[in-house]
Structures are given as C-alpha cells and as structure tokens.
Amino acid sequence: MVNRNLQSESTDSQYAIETFTLTKIFTDWWGRNKVVAVDNLDLKVRYNEVFGLLGPNGSGKTTTIKLLLSLLHPTKGRALVLGGDSREPKITARIGFLPEESYLYRYLSARETLDFYGRLFGLNAKLRKMRIEALLEMVGLQAMAHRAVGTFSKGMARRIGLAQALINDPELLILDEPTTGLDPIGTRQIKDLIKQLADRGKTVLLCSHLLADVEDVCDRIAILYGGRLQSQGRVAALLERADKKQITTGALSADAIEKIKRVVQAEAGQCEITSPMERLETFFVRIVTEAEKQAQPTSGAVISKSMGFLAAKSAESILDKLVAPEGVIHSKPDGAKRNMKVPGPSPGAAHGLEEVRDIKPVQDEEVLRSLTDAVEPTSRPVRKKETKPPTVPDVEPEQAGKSILEELSEATENGSEESLRRDSDAGGPDDEPRTGEKQDA
Amino acid sequence: MSRGQEKNKMRSLWAVAKNTIAQAVRMKVAVIFIILLIVLLPLMSMAMPGDGTLKGRLQTFVSYGLGLTNLLLCLLTIIVSTYTLASDIKECQIYTVLTKPIRRFQFLCGKLLGVVLLDLVLLAVFCGVIYGLTVSIPAMSGAGVEEIEGVNNEFFTARAALAPIVVDVSEEVREKYEKLQQQGQLPAQLLPAKVLAELTRQKELEKRAAAPGTELVWEFDNVRPFEPNDRIFVRFKYDVSVNPPDLNVYGRWLVGDYRQYQFGAMEMKTPIYVFDRKDIIRTFHEIIVPGDAVASDGYLAVVFQNIPLNDTVVIFPLGEGLEVLYKARSFTSNFILACLVIAARLIFLAAFGISVSTWLSFPVAILTCLVIYFTGSMSEFVFESLDFLTVGWGRFYSFVIMPVVKLLPQFDQFNPTENMVSARLLSWSFLGYVFGIMICIKAAILWILGVVIFTYREVAKVTV
C-alpha cells in the first residue's frame, strides 16, 4: 500500500480514479436523447487524497459515481478505478462505497448486515467478527446490533452504511453525500473519520453539495454543473486570499492590543481587533456534551456512545484493528505533511498583523478535543498560530455559497503543494474557532 | 485459481443464498405458507374419507396432500424468486452488493441457491409429514387384516406397468390409404395426417380385438418383480361391439411362459395359470397371478380367449386397455421419487422467476410466472390449441412460435400424484427425463438468458 502510494505520488500517470471523456446521456424509450447527465468528464483523483465532487442537485455527481462503479454504462468514454475496471472483483475488493442513501436490507440486524457484506468480501469468520465488533463500536451502534436495520432512523442507517463501506478496509472510499441525515455530531465524526483515513493513506472520493463538509476535509475539489466540470483544484489554493493575513492569539490586554494596532498601522495601515465567534457546530457539540454529562435523559442517540466511534484513542485503535490484519498499521506516506502542526507563534507573526482574536476558554476546547481529537495531546492552554483569513465569511448562507462559486470559477487549478494546510484538518477540533468577522477596511 | 479464491467465491455465493433465505422467511409470506400446510395436512388426513374404503381414504389424502404441497410451494417459489431480485433492484440494495467483489452471475447463482435450498427444505419437511401421516392412517383407521392386506398390495407399493408391444401397422395403413386415394374416397375436409392417424388407430384397435372363438396373445419382456415370488397383476378393461345382455364378458385367461406350448416343451419349467372369469364391461379389473409365472428371462405372455358364448367382438382399448403390473419397488422409494419430481418443478420455477426478474419489475415478473405456471399445468390443452390455431402459419410458426412454446414447462405431463394414487412405479428414467427436459434444457436456456441480460444491463436507476 505504502509503496504504491509513494509511487503514485511520484508518477503522475497513476490515479486512483481516472475518467476519459466520460459521458452519460439518458435516452427515452424511443432512444431519443433526453438528458445529458455527465458531459465529457475528465476526472483525475490521485492516490491518497481526499477529493470532493461538488455541485448543485442534479449536476451529475451521483451519476458519475454510478458510472465509476459500473452501475451505469457510459454512453461514451471510460472510467478507470484503481487502475482497472470496477466490475473486476480484484478491484472492487479494494473499494468501499456508501451510496447516497443507505440501501440496506431492512430485515437484517446491524450485525447481520455487516456480516453479510463481510462475507461478500470473502473475509474469514475470525477477521469478520473482529471487524464487525470494531466497526459497531466505531459507529456507536453496539447496543443496537441486534435490531433490524429497518427500524433505524436515517442517521443510524447512515452509520451502518458507513460501517459496511469500511468492512474491507478499503484503499478507495467512495462516499456519496455521507452526512445526509446525520446530526451535527455525527457529521463531525464522519468528517474526522475521513481525515483519519486520509492520514492512513486511503483515497477518499467525497460527493456532496454541503460546502462546509467538503471544505473541512478535502484536499482537492471539482465542481460539476450540468454534468460538466466547471473547476477543479486544491482547496487551499482555490480559497487562499494572499492579500490578507490573520493572526490568532490568547487573551490580550487592552494595552497589548493598542501596541499591535500601532505596529500594523505602521506596516500596512488597516487593522481591526475583535473576539472571534464560535462556530455553530462547535457550540452545538459543547452544549449537547454538557447535557450528556449531567445525565439528562434522552430517547435519541446517546452521544457518549456515538462519539465513541471516533473519540480520541479508541478511534485510533479501531482503525488499527481494521488495518492490522494486512500488516500495515501506521503507514502514512505523507504523514509528516498531514500531521504538521504549528506549535507556537510563527516567526513572521509580527508582520502583516491584521487581526488579533480572543481564544475561547480552555475548558470548551478540551471538551471538544476529548470528543473528537484523535491525535493531539490535550493540554495546550493557549496556542498561537498563523491562520489564513477565512475566505468564506459567515454572512448569509446564500451569499457565502455564491461568493465561493464565484471565486472558484475564477480560479484555475493550482498544483502547489505548500499551500495545502493539513494542520487544521488532522486535529479537527483543535482548530481554533473561526472568526466570523470580515476585516474592515 | 487458488483454493483461497475458490473459498472466497463460495463464501460470497453462500452469503447471498443465506440472505435470500432470510429475506423469504422474514418476508412473512413463507411463514404463511408454512402455517397453512402445517394446519391443513393433519386436518386433511383426518377429515377426508374418500370413497369410504381405507384405500379410498389413503388415495384421497395422498392425492390432496401432495397436490396442496405442490401448489403452495410452487406459488411460494414464484413469489420468493421474483421478489428477491426485483426488490433488490428496486430498493437499490443491489448498489452495495454489486460493488463488492462478486460477479453478477455469481450473485444470481447465490439467489437461485437460496430459493432452491428453501424449497428443498420445505418440500422435505412437508413430504415427510405427508408420508408419516399416510403410513399411520391404516393403523388409526382400525381396518381389518384383509383390508390392510389389500392396501398393501394395491396402495403401499410401486407397481411397474408394462403395456404390450404395439404391433407395427404402418404398412397396412399405407396400403389402405392408397386404396382410398385411388377410389377417391378420402375425406376432403381432413388433412392427410389426420386421416393417417385415424386409420392407424383403427388398425391398432383391430389388432386388439378378438372375435368370438378366437384368442389374443400379448407378450411382455423385462418383467422384473421386486421379489421373485411377488404377485403380478393383469389389469384390463373390456370394450365390446355389441353389449351382452348382462353386460358381462366371459373369458378364459392364460398367464405364463406361453412359449412352452408353442415350441412343445417336454416339461414345464414355469407354471401357466388359467383363469375362467366373468367381468363387467368398460370397467378396470385385475387378475392376480403368482410371480413364478414369469420365465427366468423376464418373459411373460398373457392370452385372452373369447369364448363363443359371448357372441360379440371383445376389444381392449388402446392405452390402458391391458397392462401387466408388478411390484417393482417399495412405496417409500416411489414416494421419494414423486417428491423429487415436485422438486424439479420448483427448481424450474425458481430459475424462471429469477431469470424474468432480471429485466422485469416484481408485479410484471410474478404475473408472468403465474401465467407460465398455470399454462404449464395444462400444457397439453395449450399445445393442442396452438396447433389448431396456427394451421397455415407455416414457417413463422415453426421457427418463431414453436421454439418459444417448446420452452414452456409441461407440469401436467409429469404429474407424480396420479402415480401415487394408482401405486404406479415412477421410474428413475422418468425422473431423469423430467430433470433432463425441465431443468437441464428448458430451465437452463431461460436461466442463461436471464444471466446474460443481468450481466449487461444497468442496475442503477435513472436519476437526474
């Protein structure tokens, strides 16, 4: 696995997914062309990257995935998955697929479902049992393992769907709208899982129209509209705004703020200092976790359990279990890059200072970290690091979406590696809350 | 291919089969059929008196019991086989299955294996119940020794039936036909084939007719009783040209190795039994003959002498007019064969159901299967009607309609229930024929058709 990844990184000709003028035209009963769902698509997904396929409803995302998996036949062109035909068992054995809805056998229990898919992969009884337990624990459904999947809520079915996609420890994971139907915590967990899988050298094709999901986890994205590729490139490169800088610090005295303002004004002129807003996702997770800690009764999903599937060390060990039988535990071809952390204030922090933020109280961050952070050590009360200014300001959602699309359509694909920032990705929750403030002129 | 890969393949095939069974069982429909059979079979064994005799009761129970099991299991097979694949496609579970390392034909084979296994288990259970109840009916009925002896000879047995060799009359028929043609007496409204068939029938009947004072000799080869000293049965029915006043025919029957008379043997190696009988016309009768009448090479002759007193020509109708029956196997083995014939039907229906649901939705597929099932249950009528309706269609009929019609199953021609009722032997060659025609040819062709369609079709729905 490692070798291939390294090889594929070095030679650009090998892709995990590669399509050549892939076209799908749906015809009516008389054979007349009705809809062009995918139009001359040339998609290239490298090994060991998280690739986001974006687009509005009906833009051909799901059709593309169905074409990749040979569930539909292309009208023109062809698709290579892991270098071969996705109808070949030796190729499908290395793929994990979560369809747009969790199409599961309603009459099977959660455990039977995973057992069924495990058998399809030809896994032996021992390995199957071990992985099923690990996955059930990971998706937080161990207590409901004997319940028929048909009685599950959409989110719970989604979790089992995800578990079945992971049962073969796939090299390539194809996820179609993985977060639909999931509560914010589940969404966060899936995003963290994707990051961890990427850290382990997996390739992930993520298909979504939820921009926030994609932005958080993807290395590269492609935007489809009307079945055509409108834009593709590295997320960081596409979204980076080189003309602005953002600095985050711990609590500062009014005096210090004044000093910083003076420095910045001397340098560049304009500067505004405010306390950053917490992200709604972070806020939600914190509130629900506090309620859970007070043992408030609920008939819904139990957070501590559902969080368990990616919580701190357990997630690490579960993933290890999944990978272990193949003898590859900590293979991270570009792990250094992915796990890169910015330990303290960057040397250039003093330059170009435009904004100084307040860090939220330590306990909030710790709660969150205890729930979702798999890698980061917990005690680091105040961290300073340089962050890029947010490209998506927290304005009205429509506006945000629009501005992203506008910017993306203007941007061209940029292959520069250094612009990729995985520091915030790997840790997830240890990411500082983003400021919702747009700098003032 | 390595053994490990083979094992993996089997594992995935078995996973699909197991899932199919789970689906059928948890669908409730299987449960309903099972409950119906569990309740109905014992009830039937107690409540059906038949014609009042013990034999009648046994015949009614076996006939209805096997008939009901056959019908319900066929319906269950049709429902399960069409639902299992059609619902996977409709509910999209197929997306997650076919993207796993399993080939499409393997997936179909797994489905078929599941349905067939379910069928075989249910068939074994219900046939076991019918068998158990059947053999315990005589003891429960409180019948006398004589009656029990009777059913042992005539019901709890598997009798082979030998029809006499049909004399070749084609030459005579041809001569007669030519004569009629020369005389211009051929009926104009009938096709030549029909005329020939009618002439043949007439000639064959002539060979089976005995004028007063004459005799008819039938010779049989390969009479092999189950045990050498078992009895053999001569089963016959009289037809007459003129009804006798008391509707009875007086006849002398000789049964044994008749060659000993013809060739003037010095001493009789096997006995020849003589029976003087008076029997009502147009009803079946049986003459019970000791088994030692059969020559060591399996030869047996049956001679009927029409006593002049009768004053009428006695005719033995074609078909079952005269047969020699002997116990060739046990009731149990015959019963098992009957169940295997039913199993062949179920396998055909399972293959057919899955095959049509590779390209039809559930409602259409189930309707198609039901139509085929009921058509197959009266195939003789359907075939004859088609023959009649398509006269003059020529090549279109022979090359288009005929091959399709030939794929129809002929359940009525392979009906094991009748054999059980009349205690007739179901031979292994018959079973082989049923499996050969119904499974290896017809089901296989339909199955391959389904596999090809499924391999090349798009399984995903059009959603844009």
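Residues numbered from 1 in each chain as written. Chains lettered and ligands numbered in written order. Predicted model: local features only at pLDDT ≥ 70, side-chain atom pairs only at ≥ 80, totals over all residues. Heavy atoms only, no water.

Asks: I'm lost on the overall build of chain A in this one. Help?
Replies: A tally of regular secondary structure across chain A gives 17 helices and 13 strands. Within chain A, buried positions represent 54% of all 441 residues. Taking contacts inside chain A between residues at least 6 apart in sequence as the whole, the part at least 24 apart equals 77%. Within the structure as shown, chain A displays about 18900 Å² of accessible surface, and the carbon and sulfur contribution to it stands at 54%. (Helix = DSSP H or I, 4+ residues; strand = E, 2+ residues; numbered from the N terminus. Buried < 20%, exposed > 50% of the residue type's maximum accessible area, 1.4 Å probe, protein only. Contact = heavy atoms within 4.5 Å. Areas by Shrake-Rupley, 256 points an atom, 1.4 Å probe, with all protein chains shown as cover.)

Asks: Please explain a nonpolar patch on the surface as it appears in this structure.
Replies: Residues and elements named next belong to chain B. Together, Val25, Val31, Ile35, Ile38, Val39 and Leu43 give the surface a local cluster of nonpolar side chains, amounting to about 500 Å² of exposed area. Here the nonpolar patch gets five residues from one element, more than from any other, and that element is helix α2 (residues 29-47). Topologically, Val25 is positioned in helix α1 (residues 3-26). You can call Val25 partly exposed: its relative accessible area is 39%. (Patch = residues over 30% accessible without salt bridge, like charges linked within 9 Å, V, L, I, M, F, W, Y side chains within 5 Å. Salt bridge = Lys/Arg side-chain N within 4 Å of Asp/Glu carboxyl O.)

Asks: It is not clear to me how the sheet that holds strand β5 (residues 239-240) of chain B should be interpreted in this structure. Could you clarify?
Replies: Adjacent strands of a sheet pair through backbone hydrogen bonds, lying either parallel or antiparallel. Spatially, three strands are ordered β2-β10-β5 (chain B) in an open sheet, and the strand pairing comes out antiparallel. The two strands at the open ends of the sheet, each matched to only one other strand, are β2 (209-210) and β5 of chain B. (Pairing = 2+ DSSP bridges.)

Asks: It is not clear to me how the interface of chain B and chain A should be interpreted in this structure. Could you clarify?
Replies: How big an interface is tends to be stated in terms of the accessible area lost upon association of its parts. Contact residues are listed per partner, giving 35 residues for chain B and 36 residues for chain A. Taking both sides of the interface into account, the surface hidden between chain B and chain A amounts to around 3300 Å²; carbon and sulfur atoms contribute 59%. Sorting the residues of chain B by area buried against chain A places Thr99(B), Lys100(B) and Pro101(B) first, and these three jointly supply 19% of that buried surface. The tally of links between chain B and chain A comes to three salt bridges. With a closest N to O distance of 3.0 Å, Glu112(A) and Arg26(B) form a salt bridge. Our count for the contact surface shared by chain B and chain A stands at 18 residue pairs in polar contact (both at pLDDT 80 or more). Its residues assigned to classes, the side of chain B that touches chain A shows 15 nonpolar, nine polar and 11 charged. (Buried area = accessible area lost by both parts, 1.4 Å probe. Polar contact = N/O pair within 3.5 Å; in protein donor to acceptor, adjacent residues only side chain to side chain. Nonpolar A, V, L, I, M, F, W, Y, C, P; charged D, E, K, R; others polar.)

Asks: Sorry if this is basic, but what is going on with the packing of aromatic side chains here?
Replies: Two descriptors summarise a pair of aromatic rings, namely the distance from one centre to the other and the angle between the planes of the rings. Residue and element names in this part refer to chain B. This structure, assessed with the given rule, holds 28 aromatic pairs over all chains. Ring centres 5.0 Å apart and planes at 55 degrees place the aromatic pair Phe236 and Tyr238 in the tilted group. Side by side, Phe236 and Tyr238 carry an identical accessibility label, which is buried. These aromatic residues form a ring-pair network of at least three members: Trp218, Phe236, Tyr238, Trp253, Phe304 and Phe316. It is Arg104 that lies over the ring of Phe454; its NZ or CZ is 5.9 Å from the centre. The ring of Phe284 carries the charged tip of Arg235 above its face, separated from the ring centre by 4.2 Å. (Phe/Tyr/Trp six-rings, centres within 6.5 Å; stacked < 30°, edge-to-face > 60°. Lys NZ or Arg CZ within 6 Å of the ring centre and 35° of its normal.)

Asks: Sorry if this is basic, but what is going on with helix α5 (residues 125-138) of chain A here?
Replies: Because an α-helix packs 3.6 residues into every turn, residues spaced three or four apart end up facing the same way. The end-to-end C-alpha separation of α5(A) is 20 Å, in line with the 20 Å expected for 14 residues at 1.5 Å each. Positive phi shows up at Gly140(A), right after α5(A), with a value of about 70 degrees. (Expected span 1.5 Å × (residues − 1).)

Asks: Explain the side chain of Lys100(B) to me, please; I cannot follow it from the model alone.
Replies: Considering the arrangement of structural elements, one finds Lys100(B) in the loop between α4 (93-98) and α5 (104-141). Once residues within four sequence positions are removed from consideration, Lys100(B) is found in contact with Thr92(A), Tyr117(A), Leu120(A), Phe121(A) and Gln164(A).

Asks: How should helix α2 (residues 61-68) of chain A be read in this particular structure?
Replies: Among the eight residues that make up α2(A), eight are buried, leaving the element largely enclosed by the rest of the structure. Within α2(A), the full set of buried residues consists of Lys61(A), Thr62(A), Thr63(A), Thr64(A), Ile65(A), Lys66(A), Leu67(A) and Leu68(A).

Asks: Sorry if this is basic, but what is going on with the environment of Asn243(B) here?
Replies: Residue and element names in this part refer to chain B. Counting through the fold element by element, Asn243 comes out in the loop between β5 and β6 (248-256). Through-space distance from the C-alpha of Asn243 to that of Ser361 is 61 Å; in sequence the pair is 118 residues apart. Setting aside its immediate chain neighbours within four residues, Asn243 contacts Ile281 and Arg282. In this structure the side chain of Asn243 is engaged in a polar contact, spanning 3.3 Å, whose partner is the side chain of Arg282.

Asks: Would you mind going over the sheet that holds strand β8 (residues 203-208) of chain A with me for this structure?
Replies: Residues and elements named next belong to chain A. In spatial order, the strands read β6-β7-β8-β4-β9-β10; together these six strands make up an open sheet with mixed pairing. Strands at the two margins of the open sheet, each flanked by one partner only, are β6 (95-98) and β10 (228-234). For this sheet the average axis-to-axis angle between neighbouring strands, irrespective of direction, equals 15 degrees. As paired strands, strand β4 (residues 50-54) and strand β9 (residues 220-225) are joined by four bridges and run parallel to one another. For Gly52, the partnering residue across the bridge sits in β9 and is Ile221. The strands touched by helix α6 (residues 154-166) are β6 and β7 (172-176); relative to β6, the strand with the most contacts, the crossing angle is about 165 degrees. (Axes fitted to C-alpha atoms, helices over the stretch in contact; angles between N-to-C directions.)

Asks: Got a minute to help me understand the nonpolar core in this structure?
Replies: One recurring pattern in soluble globular proteins is that nonpolar side chains are buried together. Of all hydrophobic cores here, the largest spans 173 residues; its most connected members are Leu205(A), Ile94(B), Phe107(B) and Phe454(B). With 18 residues, the top contributor of residues to this core is helix α10 (residues 331-356) of chain B. Those residues in contact with Leu205(A) that lie beyond four places of it in its chain are Ile17(A), Val45(A), Phe51(A), Leu53(A), Ile65(A), Leu68(A), Leu173(A), Ile174(A) and Leu175(A). Formed by 30 residues, the second largest nonpolar core is a distinct cluster that contains Leu216(B), Ile232(B), Val314(B) and Ala328(B). (Core = buried A, V, L, I, M, F, W, Y, C linked by side-chain atoms within 4.5 Å.)

Asks: So what exactly am I meant to see when it comes to the environment of Thr63(A) here?
Replies: Residues and elements named next belong to chain A. Mapped onto the fold, Thr63 is located in helix α2. You can call Thr63 buried: its relative accessible area is 4%. Sequence spacing of Thr63 and Gln246 is 183 residues, and the spatial spacing of their C-alpha atoms is 40 Å.

Worth remembering: the numbers are spatial, not functional.
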